[in-house]
Every structure is written in structure tokens, then in C-alpha cells.
Amino acid sequence: MTEQGRAPESTVLRLSRYHCFLGELQHSGAARITSRALAEELGLSEETVRHDLSFVATKGRPGSGYDTRELYDALRDYLDLSAAHPFAAIGNQDVLRGLAVTFPAGDFGLRAAVFFSERAEDVGALVGDQPIRALADIPHVAAELGIRIALVAVAPPAVAETLELLSRAGVHGVVMLTPVLRPAYPQGMTVTYFRMPCALKSLVSVGSATCGCEQAQA
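Residues numbered from 1 in each chain as written. Predicted model: local features only at pLDDT ≥ 70, side-chain atom pairs only at ≥ 80, totals over all residues. Heavy atoms only, no water.

1. A short note on the environment of Arg36
Short version of the rule: The secondary structure listing takes helices from DSSP runs of H or I that are at least 4 residues long and strands from runs of E that are at least 2 residues long, numbered from the N terminus.
Relative to the elements of secondary structure, Arg36 occurs in helix H2 (residues 35–42). When the C-alpha positions of Arg36 and Val49 are compared, they lie 8.1 Å apart, and in sequence the two are 13 residues distant.

Structural data, given as C-alpha cells:
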């Protein structure tokens, strides 16, 4: 991303979300999308989406919106993403193998370049054709591969150690799947939390409220 016309960090984070969502759209066969539809899908205002996309070298068509492939490529170029941006995945072998099946990273412009586990007995086991490495290997292996982002799904006691090792490897961005309270993490590292328990509990509450309402109407 060039310094000229550089968007604020908050906009860059949203542009990354647009890029990911557009990858999903292409995967489903959608050819075009409007700024209104993009805003609705991501819970943003249409004005915010239009402002964010003003930083990107592509234009939509009135009434028909954006070509999904063209906008996807323009966002990739603006964000300096490679065709398959490498990331590290950290967790036990069952979690790592499950993620490899449920999250086909290559379909979304990403590539799981290396796997690590906090469990000694997992070292050497394969995820696809790649061996799982020990946590202690993170600093030199991830640095050697040029890894800058990571997906972390370790057991809660291993979170702090994992983040510190990733920081030493030069990793600056982490998606955290482990349900833990926000730990102290290294300076300069951005950690995005995906709170699965909270997401599931919120659906239980919504479902209970909905069921109660329907029963009352009956």
C-alpha cells in the first residue's frame, strides 16, 4: 500500500473485511454487488462503504454496483495482498486438521504456510502434507517464512506464550479463537477476538425470545 492516498487504519481494516467477503461472493458465483448490499451484509452504513471504496482504484456502475472480481482484485492491490497470503496456524492437531477442512484458506486468498502445536505429542504429525512444529520453533520458522499474521486456537494457558513467540517472529496480526479474557499482548500486535461462546449464547437468547413470542401468539 502506498503512502500516497493511504486510508486511515479503521478504513484499512474495513477494506480487508470487504476483500474477504468478496472472496466469499465469488466462491458462491455472485458477479456483482452494490454498495448498499455490501453495507447491509457487513453491518455498515452505505455512506461508510462508499467513502472507504473511494480510496480504491475502481468504480461501480449506477444501479448495478461493482463487478465482484474487479473490486476484489483492486482491494488486493491496494492492501498489498499476494495471491495466497501466508499465515501460521497454532493449536493442537485435532483443531488444526478441523480448521483445514472447514476453512479452505486457498479459496479466500490465504495459505496456511506452517502449523504449530502447544502439545509435544503433536510434533511431527501431519496436517495435509505439512508437519506440525513445536511452539518453541515459532520465532525462527515463522520469521524465515516471512509470516506476519497468525490464527491462534491454543489452550488458554498457552495464549500468553504463543503471542510472545509470534511477536518475536515479527507477526503483527493475530486472529484469536481461544475463549480467554483479553491478555496483555506484545506492543505493536493487533489481536482480533472471535468469541464463539458469546456468539452461541447470543443466539440462544434470541431463539428463546422468539419462541416465547411465537407461543404467546398461538
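2. Points about the sheet that holds strand E3 (residues 85–91)
Condition: Here a strand pair is declared whenever DSSP counts at least two bridges between the two strands. Note on definitions: a residue-residue contact is assigned when non-hydrogen atoms from the two residues lie within 4.5 Å. Here the axes come from fitting lines to C-alpha atoms, over the contacting stretch only for helices, and the angles between their N-to-C directions go from 0 to 180 degrees.
A sheet is described by the order of its strands in space; here seven strands give the open sequence E5-E6-E4-E3-E7-E8-E9, paired in mixed fashion. Each of the sheet's edge strands pairs with one partner strand only, and the pair in question is strand E5 (126–127) and strand E9 (190–193). The pairing of strand E7 (residues 149–153) with strand E8 (residues 173–176) spans four bridges and is parallel. Bridge assignment links Val152 to a residue of E8, and that residue is Met176. Across the face of the sheet, helix H7 (residues 159–168) comes into contact with E3, E7 and E8 while running at roughly 160 degrees to E8.

3. Here's the deal with the nonpolar core
Within soluble globular proteins, side chains that are nonpolar tend to cluster in buried spots. Quick note on the threshold: The criterion is simple. A nonpolar core is a set of buried Ala, Val, Leu, Ile, Met, Phe, Trp, Tyr and Cys residues joined through side-chain atoms within 4.5 Å. Exposure categories follow from relative accessible area, calculated using a 1.4 Å probe and restricted to protein chains: below 20% of the type maximum is buried, above 50% is exposed, and the middle band is partly exposed.
Core analysis: the biggest nonpolar cluster contains 26 residues, and Ile90, Phe116, Ile138, Leu166, Val174 and Met176 have the highest contact counts within it. Listed by contribution, the elements that provide at least two residues to this core are E3, strand E4 (110–117), helix H6 (138–145), E7, H7, E8 and E9. Residue contacts for Ile90: discarding those within four places in its chain leaves Leu96, Phe116, Leu135, Ile138, Ala150, Leu151, Val152, Ala153, Val154, Thr162 and Leu166.

4. What to know about the pairing of E3
In terms of burial, E3 is largely enclosed, as six of its seven residues are buried. Of the strand pairs in this sheet, E3 and E4 are connected by six bridges, and their pairing is parallel. Each residue of the ladder has a partner; that of Ala88, found in E4, is Val114.

5. Observations concerning the pairing of E9
Because side chains alternate across E9, one face comprises the buried residues Val191 and Tyr193, and the other comprises Thr190 and Thr192, none of which is buried. Where E8 meets E9, four bridges bridge the pair, whose relative direction is parallel. Within E9, the position partnered with Val175 by the bridge is Thr192.

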